[in-house]
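The residues making up each chain are set out below.
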Amino acid sequence: MKIIKINLVDINEITSQLNNNKIIIFPTDTVYGLGGQADSQQVIAKIFKIKGRSKTKALSIFVSSIAMAKKYVFINKQQEQFLKKYTPGKLTVVLKSREVLPTEIEASTGKLGIRLIDNKLILALIKKIKVPLIATSANLADKPSLQSVSNI
C-alpha cells in the first residue's frame, strides 16, 4: 500500500491512480472510505473482493453536485428540494437508478445510493475525474469501520 499525503493543489497522482483503475482509501466526512471510479467494472470487482462483500449488497457513490447525481439517478422536484436542504453531508440517499453505471453497484435492486460529500479533497477529485467515486467504508465486510490510517 502506498500512502500519498496530498493537498488540494496537488491531486494529480491520485487522479492518475484512479484513471488506471486503482483503488484508493480516503478520508470522508465520517470514516475512511474505499473507492475508485464508479464506471469501472474492474474497480467494482476489486472492491467487492477486498472487502469480502457479498455481491447482493449494493455500493453507493459520491457525486460532486445534484446536477451530477441527476446523470445517475432519477430526482423529482421534491427529492431535489430535500437534497438542497440536507446535503452536502453525512447522508446517503437511495433513488431509482438510471442504470448508467455497471449494475453490480446496485446489487440488482434498480436503485443507487448517492451522497454529496462535504469534503473538499474528494469533491476536487470527483470534479477532476468527471465520474462518481464508489463510496464504501474501508473495512472488511461485517467488521467495524476504521477511523485511522494506522488501523487500515
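Every value quoted in this text rests on a predicted model; they were computed, and no experiment measured them.

**Digging into the pattern of salt bridges**
Using the criterion set out here, one finds two salt bridges in the structure. A salt bridge links Lys70 to Glu80; its shortest N-O distance comes to 2.9 Å. With Lys70 in the loop between α3 (66-69) and α4 (77-86) and Glu80 in helix α4, the pair connects residues that are 10 residues apart, well separated along the chain. The partner of Glu80 in a salt bridge is Lys84, and the shortest N-O contact between them spans 3.6 Å. Highlighted residues: Glu80 and Lys84, both in helix α4, separated by four residues, approximately one helical turn. A single salt-bridge network, built from bridges that share partners, covers Lys70, Glu80 and Lys84.

**Some details on the pairing of strand β6 (residues 133-137)**
The element β6 is extensively covered by neighbouring structure, given that four of its five residues are classed as buried. Pairing of strand β2 (residues 32-35) with β6 involves two bridges; the strand directions are antiparallel. Bridge pairing links Leu34 to Thr136 in β6. As defined by bridge partners, strand β3 (residues 60-63) adjoins β6 across three bridges and the pair is classed as antiparallel. Residue pairing in the sheet places Ile61 in a bridge with Ile134 of β6.

**Some details on the side chain of Asn119**
Inspection of the secondary structure puts Asn119 in the loop between β5 (111-116) and α5 (120-129). Side-chain polar atoms of Asn119 contact the backbone nitrogen of Leu121, separated by 3.1 Å. Ignoring anything within four residues of it in the chain, the contact list for Asn119 reads Pro27 and Thr28.

**Thoughts on the sheet that holds strand β4 (residues 93-96)**
Read across the sheet, six strands follow the order β1-β2-β6-β3-β5-β4 without closing on themselves; strand pairing throughout is mixed. Whereas interior strands pair on both sides, the edge strands pair on one side only; in this sheet they are β1 (24-27) and β4. On average, each strand axis in the sheet is inclined to that of its neighbour by 45 degrees, with strand direction left out of account. As defined by bridge partners, β4 adjoins β5 across four bridges and the pair is classed as antiparallel. Bridge assignment links Val94 to a residue of β5, and that residue is Gly113. Each of β2 and β6 touches helix α2 (residues 41-51); the most contacted strand, β6, lies at about 5 degrees to it. Running over the sheet, α5 touches β1, β3 and β6 and is turned about 90 degrees from β3.

**A word on unusual backbone geometry**
For residues that are not glycine, phi is negative in most cases, and the peptide bond is trans in most cases. Here the residue pair Thr87 and Pro88 is connected by a cis peptide bond, since its omega of 5 degrees sits within 30 degrees of zero. Phi at Asn21 is positive, roughly 60 degrees, even though this residue is not glycine. Among the secondary structure elements, Asn21 is positioned in the loop between α1 (12-19) and β1. Notably, Glu99 is not glycine yet its phi reads approximately 55 degrees, a positive angle.

Here is what the cut-offs are and how they apply
Residues numbered from 1 in each chain as written. Predicted model: local features only at pLDDT ≥ 70, side-chain atom pairs only at ≥ 80, totals over all residues. Heavy atoms only, no water. Salt bridge = Lys/Arg side-chain N within 4 Å of Asp/Glu carboxyl O. Helix = DSSP H or I, 4+ residues; strand = E, 2+ residues; numbered from the N terminus. Buried < 20%, exposed > 50% of the residue type's maximum accessible area, 1.4 Å probe, protein only. Pairing = 2+ DSSP bridges. Polar contact = N/O pair within 3.5 Å; in protein donor to acceptor, adjacent residues only side chain to side chain. Contact = heavy atoms within 4.5 Å. Axes fitted to C-alpha atoms, helices over the stretch in contact; angles between N-to-C directions.

Nothing here speaks to function; it is all geometry.
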